[in-house]
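A structural walkthrough
Here is how the chains run, residue by residue.
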Amino acid sequence: MPRIERAGSHYRFLVDGQPFLMLGGQAHNSSASRAEDLEPFWKSLVGIHANTAEVPLYWELIEPQQGKFDFHLIDEIVAGARRNGLRLVFLWFATWKNGDMDYTPEWLKRDPSTYRHVKDAWGREMWIISPLCEAAREADARAFRAVMEHIRSIDESDRTVIMVQVENETGLLGTDRDYSEQATRLYRGSVPAELMTYLSKNRDNLSASFKAAWAGTNFRGSGTWTEVFGDLAAEAFSAWHVARYVDAAAAAGKQAYPLPMYVNNWLVEGSAARAGNWPSGGPTAHVLDIWKAAAPHIDVLAPDIYYPKFFDVAAQYTRPDNPLFVPETNPLPYFAANALLTFAYFNGFGFSPFGVDDLVENGTVTPRAAELEDVYRMLRPLLPLIARYQYTGKLHPLLQGIAQGEEWAYAVRLGNKLAASVEFTAKYDPEKGRGCGLIMEMGPDDFVVAGSGFKVNFRELEGPLRDAQVLTIEEGTFEGERWVPARRLNGDELNVELPERSRILRVRLLR
Ligand code: DGJ
């Protein structure tokens, strides 16, 4: 079974018993209502050397009449992935999709008295199922369970499907909480003791914004939501109830087939000022801890990162209780380099640009996908080694412009009293991409340098000021963990230079 293994604060995503790093891509929202529409998507993923496809499953099409399930799309999508040698992550678009209820089945949409909606602060019914509605929660969990049972029945021995996203960007868009009578009664009542116990136990590891809010009430240990969480009360309340709802679906699904499960998240970003400007109650950085307490069946809380401040967001979601997985990111060239940060800096296990259905046209990778194709092609043979070296300090991602002022050069400290002086030779153009790569320390004087758009000088950090003597440079690749050399570089080419198209070099130094 695919699973996420935890040892202390280190995580590995295991598929077929081996650490798996996901070079992913997600289909557009409407690409999976007919299997044939996925053809360009499969071609694009194969063309860019991805190893995993993220594809939505729509509750409205899977259970068109209550209790009558139609799984033909699941079968066809799994077959398509297998034909193309890809693993699959299914996305359960159900009660929540981007903070509303668009993907619920028609029978549910037509029956708001049974499947109750959220009310806003003026008492108006919103286009969002109330996280307190038991009938909806049970219906969603029942359908999700049936989906997982079906996946197990067709895929347990092949394991094409390796992980499942439960819902999509949960939370309440347009209100900070449900203002229905039932919700308001609960909101005025006490914070559940179970949550308070969890928070007290984990007080040292809480997210900064959550801790700040709770500190504002002097870490009050009980009371109403407002008494305990102050300004964060409404978002905290929504998070608790949304997470409980989602956890019920995940628990039912795992009972049928316990694949790893995660939730994705609409970030606090842009001009958004208050919960409700972003879907309130989704796993934002403010309420990650509440999600951890409320949703034990969810293995990973995962950010959808569409904005340039990738590093900061990735840092918020990389925690001792949560590994980094980026299930959606911007498909623009500039973002491709963030795959290196994900795997080689944050020790994450997956990276997946959104809407990659048309990256290959007439059998050719389009110019706008060139950067992603280049990064994935370079990373693909390195994945087993990267997985092995995660958490060891021996992986060093190189990104042009990772911080302001670092567009042209910076030095990276390595082991064995060495530093790598990196000079970027690529044109720094956020529209077109940037130089990027990585250095892996294979031994004290033995390095893999991979990527494009930069050159490296190894400098000794002790003794007289000098650069280290390069002994050999080979081009090549890896098969598993075995180095397969190609050209030996010497003479005019005895330089650690990686021009426009990515390549992998093995560099040995003489000390
Ligand atoms: C984030 C959502 O999760 C996706 O399904 C899609 O709607 C994208 N936004 C569009 O940018």
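Please read all numbers here as calculations on a predicted model, not as lab measurements.

On to the pattern of salt bridges. Here the structure, examined in full by the defined rule, presents 31 salt bridges. For Asp-37, the salt bridge goes to Arg-34, with nearest N and O atoms at 2.9 Å. Given a relative accessible area of 46%, Arg-34 falls into the partly exposed group.

What follows is about the sheet that holds strand S19 (residues 436-443). Taking strand neighbours across the sheet as the criterion, the 6 strands line up as S16-S19-S20-S25-S22-S23 in an open arrangement whose pairing is antiparallel. Only two strands of the sheet have a single partner each, and these edge strands are strand S16 (395-399) and strand S23 (482-489). The sheet shows a mean angle of 30° between the axes of neighbouring strands, taken without regard to direction. Here strand S22 (residues 469-479) pairs with S23 via 6 bridges, running antiparallel. Paired with Phe-478 across the two strands is Trp-483, which belongs to S23. Its contacts with the sheet place helix H14 (residues 338-345) against S16 and S19, and it is angled at close to 165° to S16.

Where helix H6 (residues 181-188) contacts helix H10 (residues 233-256), the two axes come as close as 11 Å, and the packing angle between them is 115°. If you check the angle between H6 and H10, you find them roughly perpendicular. Where H6 crosses over H10, the handedness of that crossing is right-handed. In this structure, H6 uses Ala-183, Leu-186 and Tyr-187 to contact H10, whose residues at the interface are Ala-233, Ala-234, Phe-237 and His-241. Looking at the contact of H6 with H10 residue by residue, the class counts come to 6 nonpolar, 1 polar and no charged.

The next point concerns the side chain of Ser-31. With respect to the element layout, Ser-31 can be found in the loop between strand S4 (22-26) and helix H1 (39-47). There is a polar contact of 2.5 Å between the side chain of Ser-31 and the side chain of Asp-357. If we skip the residues at most four places from it in the chain, Ser-31 touches Asp-37, Leu-38, Tyr-58 and Asp-357.

On to the sheet that holds strand S21 (residues 454-460), then. Strand order across the open sheet formed by 4 strands is S17-S18-S21-S24, with antiparallel pairing between neighbours. Edge positions in the open sheet fall to strand S17 (409-413) and strand S24 (496-498), since each of these has one partner strand only. The average angle at which neighbouring strand axes cross in this sheet is 25°, direction not considered. Looking at chain direction, S21 and S24 are connected through 3 bridges and run antiparallel. Note on S24: the bridge partner recorded for Lys-455 is Glu-497.

This next bit is on empty space enclosed by the protein. Counting across every chain of the model gives 3 cavities of 30 Å³ or more. Counted as a void, the largest cavity has a volume near 50 Å³. It is strand S2 (residues 10-15) that provides the largest number of residues to the lining of the largest cavity, a total of 3 residues. Of the residues contributing to the lining of the largest cavity, the split by class is 8 nonpolar, 3 polar and 1 charged. Taken as a whole, the second largest cavity holds about 40 Å³ of empty space. Considering the residues around the second largest cavity, the lining is formed by Asn-330, Pro-331, Leu-332, Pro-333, Phe-335, Ala-336, Phe-351, Pro-353, Arg-368, Glu-371 and Leu-372. Sorting the residues of the lining of the second largest cavity by element identifies helix H13 (333-336), strand S13 (350-353) and helix H15 (370-379) as the ones contributing at least two each. Looking at which element gives the most residues to the lining of the second largest cavity, the answer is H13, with 3 residues. Of the residues belonging to the lining of the second largest cavity, the class tally is 8 nonpolar, 1 polar and 2 charged.

Conventions and cut-offs
- Residues numbered from 1 in each chain as written.
- Predicted model: local features only at pLDDT ≥ 70, side-chain atom pairs only at ≥ 80, totals over all residues.
- Heavy atoms only, no water.
- Salt bridge = Lys/Arg side-chain N within 4 Å of Asp/Glu carboxyl O.
- Buried < 20%, exposed > 50% of the residue type's maximum accessible area, 1.4 Å probe, protein only.
- Pairing = 2+ DSSP bridges.
- Helix = DSSP H or I, 4+ residues; strand = E, 2+ residues; numbered from the N terminus.
- Axes fitted to C-alpha atoms, helices over the stretch in contact; angles between N-to-C directions.
- Contact = heavy atoms within 4.5 Å.
- Parallel < 35°, antiparallel > 145°, perpendicular 65-115°, else oblique.
- Left-handed = near helix turned anticlockwise from the far one by under 90°.
- Nonpolar A, V, L, I, M, F, W, Y, C, P; charged D, E, K, R; others polar.
- Polar contact = N/O pair within 3.5 Å; in protein donor to acceptor, adjacent residues only side chain to side chain.
- 1 Å grid on protein atoms, 1.4 Å probe; cavity = no way out; pocket = protein on both sides within 12 Å on 5 of 7 lines; lining within 4 Å.
- Points joined across faces, edges and corners; volume = space filled by probe spheres on them.

None of the figures reported here should be taken as evidence of function without further support.
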